Amino acid sequence: MRLFLWLLALMAAAIGIAVTARFNPGNVVLFYPPYRLDLSLNFFMVLQVLLFALLYVLIRAFRSTLKMPVRVAAYRQRKRERDGNKGLREALKALFEGRFGHAEKAALRAAELPENAGLAGLIGARAAHRMRQTRRRDDWLNKVAADNSLKTARLMTITELLVDAHQPEGALEAVHELNASGTRHIHALQWSLKAQQQAKNWPEVLRLVRLLDKHRALHPALSSRLRELAYDDLLSDRSHDAESVLRVWSAIPGADRIKPFVACRGATALNARGLHNEARLVAEEALNANWDERVVRTYREAAAPAGSSALLAQIEHCEQWIKARPNDPELALTLGALCLKQKLWGKAQRYLELALSDASEAQMVREAHLKLAQLHDALMQPEEAASHYRQCAQATIF
């Protein structure tokens, strides 16, 4: 419709000009002595229009010529931007596809554009790291160091890559610099936790686990396992004396103390330093909350001296527990060993034989035979004692 209206307007204008020119008797005379030039007014007007068009074209051509360098520079800049952005997109695509060689090459093209140099450097560093090219990775990261707008992204990338390469020292330096800048988000804490774990800095691991638990950023199973590893290392440190072990144990939250793994490690550490009373309390508290054979074993190792009220209390506790767990071989072995120490020969023999009948582990079988051999030795029954010693030795060999 618009084209039709334009054609209609042009036709009307042409008709109007033709009619006007037909009835225009005027003329134009140009004198240039000794020459004279007579022109009709219509022809003169046509010449004027043509001259104007020619001058307009010449002026536009001249101005375009003057602007040509600027246009060429702008065209080249646009081409660089297109190529740089295309390279950045290709680098990201190749990185996610796992084609790390292509990703690094595309990052080189993308880095030619200054605006993309920082992000291209991070992509190139990740690609080089995946190809185990540590020198090229560090070169990429050094190029990004000058861009302050990407400081957090660079430090997070360094932390992640160095943790993946099992270089916790460098990763922790990046984490320290990241924390110094005031940036503390969940992802940074998670990578800091991994770095501290690799560095075996267990007190800091515990702090980070508790902090991440508040934000619900760790799976409960992973959080529990990390706590167990930290407590195990802290309690197993041979440099601790009795006082320092008690100090470490007192710093453990009550909810963690009753967990079987932690209670077992704590009781073992206390037993190793002669703190048997404390070990018994730890084991009893844990067993009342969560039954576990490992804790029962440490409870047996924390036996009180013979003839003491503490040993009798232990026997009473075990007799109460065995009513609810009559087929527990570890508990029967513990009760038999305690009765043997208290010289309750009949009870000791009954429970040790019960443990031997239900035992499935070689270590438990050996210990039951050894305790029975000691019992028969005390009762002056050398043949039975020799038989159990022999079976203990066979269980040890096989």
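Residues numbered from 1 in each chain as written. Predicted model: local features only at pLDDT ≥ 70, side-chain atom pairs only at ≥ 80, totals over all residues. Heavy atoms only, no water.

Visitor: So, the overall build of the protein chain: which residues are in play, and what are the values?
Guide: Counting its secondary structure elements, the protein chain contains 20 helices and 2 strands. For a compact globule of 398 residues, the expected C-alpha radius of gyration is about 21 Å, and the protein chain comes in at 46 Å, more than 25% above that figure. Principal-axis analysis of the C-alpha atoms gives the protein chain an extent of 160 × 45 × 40 Å. Buried positions account for 36% of the 398 residues belonging to the protein chain. A separation of at least 24 residues holds for 51% of the contacts in the protein chain among residues at least 6 apart in sequence. Put simply, the protein chain shows about 24,300 Å² of open surface, and 59% of that area lies on carbon and sulfur atoms. Across the protein chain, the centroid of the 55 positively charged side chains sits 15 Å from that of the 42 negatively charged ones. (Helix = DSSP H or I, 4+ residues; strand = E, 2+ residues; numbered from the N terminus. Rg over C-alpha atoms; globule rule 2.2 N^0.38 Å. Buried < 20%, exposed > 50% of the residue type's maximum accessible area, 1.4 Å probe, protein only. Contact = heavy atoms within 4.5 Å. Areas by Shrake-Rupley, 256 points an atom, 1.4 Å probe, with all protein chains shown as cover. Lys, Arg positive; Asp, Glu negative; His and termini not counted. Charge placed at Lys NZ, Arg CZ, Asp CG, Glu CD.)

Visitor: Residues and numbers for the pattern of salt bridges, please.
Guide: Side chains that differ in charge, positive against negative, can pair when their charged atoms come close. This structure, assessed with the given rule, holds 21 salt bridges. The closest approach of N and O atoms between D138 and R137, which form a salt bridge, is 3.2 Å. When its relative accessible area of 33% is taken as the criterion, D138 is described as partly exposed. Residue E319 is joined to K347 by a salt bridge in which the shortest nitrogen-to-oxygen separation is 2.8 Å. Of this pair, E319 sits in helix α16 (residues 309–324) while K347 sits in helix α18 (residues 345–358), and the two are 28 residues apart along the sequence. A relative accessible area of 33% means that K347 is categorised as partly exposed. Members of the salt-bridge network, linked through shared partners, are D213, R227, D256 and K259. (Salt bridge = Lys/Arg side-chain N within 4 Å of Asp/Glu carboxyl O.)

Visitor: So what's going on with empty space enclosed by the protein? Which residues, and what values?
Guide: Tallying each qualifying case throughout the model produces 1 cavity of 30 Å³ or more. In this structure, the largest cavity spans a volume of roughly 50 Å³. Along the walls of the largest cavity sit R297, R300, E330, L333, E361, Q363, M364 and E367, which together make up its complete lining. Elements with a minimum of two residues in the lining of the largest cavity: α15 (293–301), α17 (329–341) and α19 (362–378). Broken down by class, the residue content of the lining of the largest cavity amounts to 2 nonpolar, 1 polar and 5 charged. (1 Å grid on protein atoms, 1.4 Å probe; cavity = no way out; pocket = protein on both sides within 12 Å on 5 of 7 lines; lining within 4 Å. Points joined across faces, edges and corners; volume = space filled by probe spheres on them. Nonpolar A, V, L, I, M, F, W, Y, C, P; charged D, E, K, R; others polar.)

Visitor: Could you give me a rundown of the side chain of H369, with the residues and numbers involved?
Guide: Along the chain, the position of H369 falls in helix α19. Excluding residues within four positions of it along the chain, H369 makes contact with L356, H388, Q391 and C392.

Visitor: Mind laying out helix α7 (residues 168–180), listing which residues take part and the relevant values?
Guide: The terminal C-alpha atoms of α7, which comprises 13 residues, lie 18 Å apart, in line with the 18 Å expected from a rise of 1.5 Å per residue. Within α7, the full set of buried residues consists of P168, A171, A174, V175 and L178. End-on view of α7: buried residues confined to an arc of 120°, all on one side of the axis. Those residues of α7 that are exposed and aimed more than 90 degrees away from the buried face are E169, E173, H176 and A180. On its buried side, α7 packs onto α6 (151–164) and α8 (186–198). Phi turns positive one or two residues past the end of α7, at G182, with a value near 85°. (Expected span 1.5 Å × (residues − 1). Arc of directions from axis to C-beta.)

Visitor: Now, about the state of the cysteines: what can you tell me, with residues and values included?
Guide: Scanning the entire structure with this criterion turns up 0 disulfides. C264 forms no disulfide, and the closest cysteine sulfur to it belongs to C318, at a distance of 15 Å. The buried category is assigned to C264, whose relative accessible area is 8%. Between C339, a cysteine without a disulfide, and C318, which holds the nearest cysteine sulfur, the sulfur-to-sulfur distance is 8.2 Å. For C339, a relative accessible area of 0% corresponds to the buried category. (Disulfide = S-S within 2.5 Å.)

Visitor: Outline the nonpolar core, listing residues and values.
Guide: Of all hydrophobic cores here, the largest spans 59 residues; its most connected members are L193, V295, C318 and L335. Examining the composition of this core, we find that 7 residues originate from one element, α17, more than from any other. Setting aside residues no more than four positions away along its own chain, L193 makes contact with V205, L208, V209, L212, L218 and L226. Counting 29 residues, the second largest nonpolar core, distinct from the first, contains A94, L141, M156 and A195. (Core = buried A, V, L, I, M, F, W, Y, C linked by side-chain atoms within 4.5 Å.)

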